[in-house]
Amino acid sequence: LASLIKEIYQRKFWFRESPFVMNHFGKKASEHIQAKCHIDGYNQMTIQVFMNDLDEEAFCTEILAGSDQTNWEFERNNIETKDINKYNNVKLIGKKGDLLLFNAGKTLHRSYVGKKKREALFINLSTGWYESKPFFGIV
């Protein structure tokens, strides 16, 4: 995986922050800032490892396919609904243990508010202005 990411970036990269487990479920999750369309920080790649099965009814990350062709503002409150309605919503779902990698710093995404809980390990990588934390010594 590190070799693949190194090929994608073609330069040094690091952890944006320490890996963490995200649990989403219930009213608190539906009101969470992640439920609003956004991009993550500069040149961020996000790895998700599912810790439970996620189907169409689960909380999950939802990406807006094709939105990576537009330069979005980092401030999520400035992203207008009219600008995002032209993209296809794709839910990132799968089985426990599945690993997904997507360009979170360029692709609009949000937490889809579902009816079943989501638990996933998140690893965020960057080449940008975040504090540098080596990725398993491979940079």
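Residues numbered from 1 in each chain as written. Predicted model: local features only at pLDDT ≥ 70, side-chain atom pairs only at ≥ 80, totals over all residues. Heavy atoms only, no water.

Turning to the overall build of the chain, a few remarks are in order. Helix and strand counts for the chain come out as 3 helices and 9 strands. The order of helices and strands in the chain, counted from the N terminus, is α-β-β-α-β-β-α-β-β-β-β-β. Looking at the 139 residues of the chain, the share that counts as buried comes to 41%. Counted over contacts in the chain with a minimum sequence separation of 6, partners at least 24 positions apart contribute 90%. By element, 52% of the accessible surface of the chain is carried by carbon and sulfur atoms, the whole surface being about 7,900 Å². (Helix = DSSP H or I, 4+ residues; strand = E, 2+ residues; numbered from the N terminus. Buried < 20%, exposed > 50% of the residue type's maximum accessible area, 1.4 Å probe, protein only. Contact = heavy atoms within 4.5 Å. Areas by Shrake-Rupley, 256 points an atom, 1.4 Å probe, with all protein chains shown as cover.)

Before going further, it helps to spend a moment on the pattern of salt bridges. This structure, assessed with the given rule, holds 5 salt bridges. Across the pair lysine 117 and glutamate 119 runs a salt bridge, and its minimum N-O distance is 3.9 Å. (Salt bridge = Lys/Arg side-chain N within 4 Å of Asp/Glu carboxyl O.)

A word on the sheet that holds strand S5 (residues 88-92). Read from one edge of the open sheet, 3 strands run S5-S4-S7, paired in antiparallel fashion. Because the sheet does not close on itself, it has two edges, and the strands there are S5 and strand S7 (109-112). Strand-to-strand, the axes of this sheet are offset by a mean angle of 35 degrees, without reference to chain direction. As defined by bridge partners, strand S4 (residues 60-65) adjoins S5 across 5 bridges and the pair is classed as antiparallel. Pairing of isoleucine 63 across the sheet is with valine 90, part of S5. (Pairing = 2+ DSSP bridges. Axes fitted to C-alpha atoms, helices over the stretch in contact; angles between N-to-C directions.)

A word on unusual backbone geometry. For residues other than glycine, phi is negative in most cases, and the peptide bonds are mostly trans. Backbone geometry at glutamine 10 places phi at a positive 60 degrees, although glycine is not the residue there. Looking at the secondary structure, you find glutamine 10 in the loop between helix H1 (2-9) and strand S1 (14-15). Given the relative accessible area of 58%, glutamine 10 is considered exposed.

Right, let's get into H1. Listed as buried for H1 are Ala2, Ile5 and Tyr9. End-on view of H1: buried residues confined to an arc of 65 degrees, all on one side of the axis. Facing away from the buried side of H1 by over 90 degrees, the exposed positions are Ser3 and Glu7. In the segment just after H1, glutamine 10 is the residue with positive phi, at about 60 degrees. (Arc of directions from axis to C-beta.)

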